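What follows is each chain in one-letter form.
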Amino acid sequence: DATLTVFAPADSAFEGVDVNALLADTEGLKTLLLNHVLLSEVLSTGLSDGQVVTMAGGSDVTVMIGDGKVMINNAEVVTVDVMASNGVIHIIDSVISFEPEGPGTVVDVATDAGVFGTLLAAAAAAGL
């Protein structure tokens, strides 16, 4: 049996997350879940500011400690060291996000900006 550390998002952490889309993408869901798991037990005292760890899903997360908070990428650890028979759970307030490499395409950036709806619609209509 593996000894694990799980950074577990509370139910409220899923507000604003398209859970149905996650459930429809089995591989993406598996990767997302595994990117909340370390394949070793790490108590809160074993975390350090600036520490980078590779999660079971293959992505790296950065631990940031400051102003009385512990962050794992974008997620704040709200409860530490919930012990289990095969490891430890740290409860977090958000689903951990992972930034894509680079800023994305022009369309991605324009879409994320939220102010180019007409331009994007026109480009789509033109087949661009």
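Residues numbered from 1 in each chain as written. Predicted model: local features only at pLDDT ≥ 70, side-chain atom pairs only at ≥ 80, totals over all residues. Heavy atoms only, no water.

Would you take a moment to explain the overall build of the chain for this structure?
When its secondary structure is counted, the chain shows 4 helices and 7 strands. Ordering the α and β elements of the chain from the N terminus gives β-α-α-β-β-β-β-β-β-α-α. A compact globule built from 128 residues should have a C-alpha radius of gyration of about 14 Å, whereas the chain, at 18 Å, is more than 25% larger. In terms of overall dimensions, the chain has C-alpha extents of about 60 × 35 × 25 Å along its principal axes. Total accessible area on the chain is roughly 8,100 Å²; 58% of this is exposed by carbon and sulfur atoms. (Helix = DSSP H or I, 4+ residues; strand = E, 2+ residues; numbered from the N terminus. Rg over C-alpha atoms; globule rule 2.2 N^0.38 Å. Areas by Shrake-Rupley, 256 points an atom, 1.4 Å probe, with all protein chains shown as cover.)

Help me understand the environment of phenylalanine 98 in this model?
As for its position among the elements, phenylalanine 98 is in the loop between strand S7 (87-92) and helix H3 (106-113). On the accessibility criterion, phenylalanine 98 (26% relative accessible area) is partly exposed. Counting along the chain gives 74 residues from phenylalanine 98 to alanine 24, while the straight-line C-alpha distance between them is 20 Å. What phenylalanine 98 contacts, discounting residues up to four positions off in sequence, is Asn35, Ser59, Asp60, Val61 and Asn73. (Buried < 20%, exposed > 50% of the residue type's maximum accessible area, 1.4 Å probe, protein only. Contact = heavy atoms within 4.5 Å.)

What am I meant to see in the nonpolar core here?
The nonpolar side chains of soluble globular proteins are, as a tendency, buried together. Core analysis: the biggest nonpolar cluster contains 13 residues, and Phe7, Leu38, Met55, Val61, Ile72, Ile92 and Ile96 have the highest contact counts within it. Of all elements in the fold, only strand S4 (60-66) and strand S6 (75-84) reach the threshold of two or more residues within this core. Apart from residues lying up to four places away in sequence, phenylalanine 7 is in contact with His36, Leu38, Met55, Ile72, His90, Ile92 and Ile96. (Core = buried A, V, L, I, M, F, W, Y, C linked by side-chain atoms within 4.5 Å.)

How should the sheet that holds S4 be read in this particular structure?
Each strand in a sheet pairs with its neighbour through backbone hydrogen bonds, running either in the same direction (parallel) or in the opposite one (antiparallel). Spatial ordering of the open sheet is given by S2-S1-S7-S6-S5-S4-S3, a layout of 7 strands whose pairing is mixed. Since the sheet does not close on itself, it has two edges, and those belong to strand S2 (37-38) and strand S3 (52-54), each with one partner. Summarising the sheet, S6 and S7 pair through 5 bridges and their orientation is antiparallel. When the bridges of S7 are listed, valine 77 appears paired with isoleucine 92. (Pairing = 2+ DSSP bridges.)

What should I look at first to understand the pairing of S7 in this one?
A regular strand places its side chains so that they alternate between the two faces of the sheet. When strand S1 (residues 4-9) meets S7, the two strands line up parallel, connected through 6 bridges. Looking at S7, one finds that threonine 5 is bridged to valine 88. Where S6 folds back on S7, the antiparallel hairpin that results is connected by 2 residues.

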